[in-house]
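Chain by chain, the residues run as shown.
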Amino acid sequence: QVQLVESGGGLVQAGGSLRLSCAASGRSISRYTMGWFRQAPGKEREFVARITRSEDAADYADSVKGRFTISRDNAKNTMYLQMDSLKPEDTAVYYCAAMIVLSVTWTDWGQGTQVTVSS
């Protein structure tokens with residue numbers, strides 16, 4: 001099991017940027033596909049982005065493609081989400097998640113960090 005802690009959330013105006021971090025402990029994230037999800041008030045949790053263990057592939061939800069960039073530093077055991085051109089509809093609690101090798105489900109989750117985008 002890996003423990004995940006998100007940081008970097010906050011309040012930003014539309015068009016602004018934020019960089020979220022997900023610090024892992026307990027195990028090396030090099031064994032995990034890592035991802036970001038978000039949950040807006042009254043809505044279900046939705047996929048945002050994920051990145052493979054070797055950083056050779058990433059994919060994004062259509063709603064954030066071209067604006068968000070996921071990355072990871074396995075040496076620092078940390079994953080990031082650079083969010084640019086933020087929109088009010090990006091307002092949500094953002095969660096990082098880990099999927100261990102050979103799994104098909106997200107096995108570990110952080111507690112979340114709030115991102116609020118004002119118009």
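Quick note: structure is the one above.
Bear in mind that the values here come from a model prediction, so they are computed numbers and not experimental data.

Rules used throughout
Residues numbered from 1 in each chain as written. Predicted model: local features only at pLDDT ≥ 70, side-chain atom pairs only at ≥ 80, totals over all residues. Heavy atoms only, no water. Pairing = 2+ DSSP bridges. Helix = DSSP H or I, 4+ residues; strand = E, 2+ residues; numbered from the N terminus. Axes fitted to C-alpha atoms, helices over the stretch in contact; angles between N-to-C directions. Contact = heavy atoms within 4.5 Å. Core = buried A, V, L, I, M, F, W, Y, C linked by side-chain atoms within 4.5 Å. Buried < 20%, exposed > 50% of the residue type's maximum accessible area, 1.4 Å probe, protein only. Disulfide = S-S within 2.5 Å.

Novice: What is the right way to read the sheet that holds strand β1 (residues 3-7) from this model?
Specialist: Where strands meet in a sheet, backbone hydrogen bonds hold them as pairs that are either parallel or antiparallel. Strand order across the open sheet formed by four strands is β1-β3-β8-β7, with antiparallel pairing between neighbours. The two strands at the open ends of the sheet, each matched to only one other strand, are β1 and β7 (68-73). Strand-to-strand twist in this sheet, taken as the mean axis angle between neighbours without regard to direction, amounts to 15°. Bridge analysis of strand β3 (residues 18-25) against strand β8 (residues 78-83) gives six bridges, and the strand direction is antiparallel. Opposite Leu 20, over in β8, you have Leu 81 as the bridge partner.

Novice: Sorry if this is basic, but what is going on with the environment of Val 64 here?
Specialist: Mapping Val 64 onto the fold places it in the loop between β6 (58-60) and β7. Residues Val 64 and Ile 100, spaced 36 residues apart in sequence, show a C-alpha to C-alpha distance of 24 Å. Excluding anything up to four places from it in sequence, Val 64 contacts Arg 38 and Val 48.

Novice: Got a minute to help me understand the nonpolar core in this structure?
Specialist: Across soluble globular proteins, nonpolar side chains show a tendency to be buried alongside one another. Of all hydrophobic cores here, the largest spans 29 residues; its most connected members are Met 34, Trp 36, Leu 81, Met 83 and Tyr 94. Where this core is concerned, the elements lending two or more residues are β3, β4 (32-39), β5 (46-51), β7, β8, β9 (92-100) and β11 (113-118). In contact with Met 83, not counting residues within four places along its chain, are Gly 16, Ser 17, Leu 18, Leu 20, Arg 67, Phe 68, Tyr 94 and Val 115.

Novice: Honestly, the state of the cysteines in this entry has me stumped. Any pointers?
Specialist: Any covalent bond linking the sulfur atoms of two cysteines counts as a disulfide. Counting across every chain of the model gives one disulfide. Across a sulfur-sulfur distance of 2.2 Å, Cys 22 and Cys 96 are joined as a disulfide pair. For the disulfide bridge between Cys 22 and Cys 96, the dihedral angle about the S-S bond is near 60°, and by the sign convention the bridge is right-handed. Of this pair, Cys 22 sits in strand β3 while Cys 96 sits in strand β9, placing them 74 residues apart in sequence.

Novice: Explanation requested: the pairing of β5 in the structure shown.
Specialist: Across five bridges, the pairing between β4 and β5 is antiparallel. Within β5, the residue paired with Trp 36 across the bridge is Ala 49. Between β4 and β5, which pair antiparallel one after the other, the connecting turn spans six residues, and Gly 42 there sits at a positive phi close to 75°. As paired elements, β5 and β6 share three bridges and run antiparallel to each other. Note that in β6 the partner of Ile 51 across the bridge is Ala 58.

Novice: Which parts of the structure should I look at to understand unusual backbone geometry?
Specialist: With the exception of glycine, most residues fall at negative phi, and the peptide bonds are largely trans. Unusually for a residue other than glycine, Asn 77 sits at a positive phi of about 55°. Counting through the fold element by element, Asn 77 comes out in the loop between β7 and β8. Notably, Leu 102 is not glycine yet its phi reads approximately 75°, a positive angle. Structurally, the position occupied by Leu 102 is in the loop between β9 and β10 (108-109).

Without other data, these values stay purely geometric and don't point to any function.
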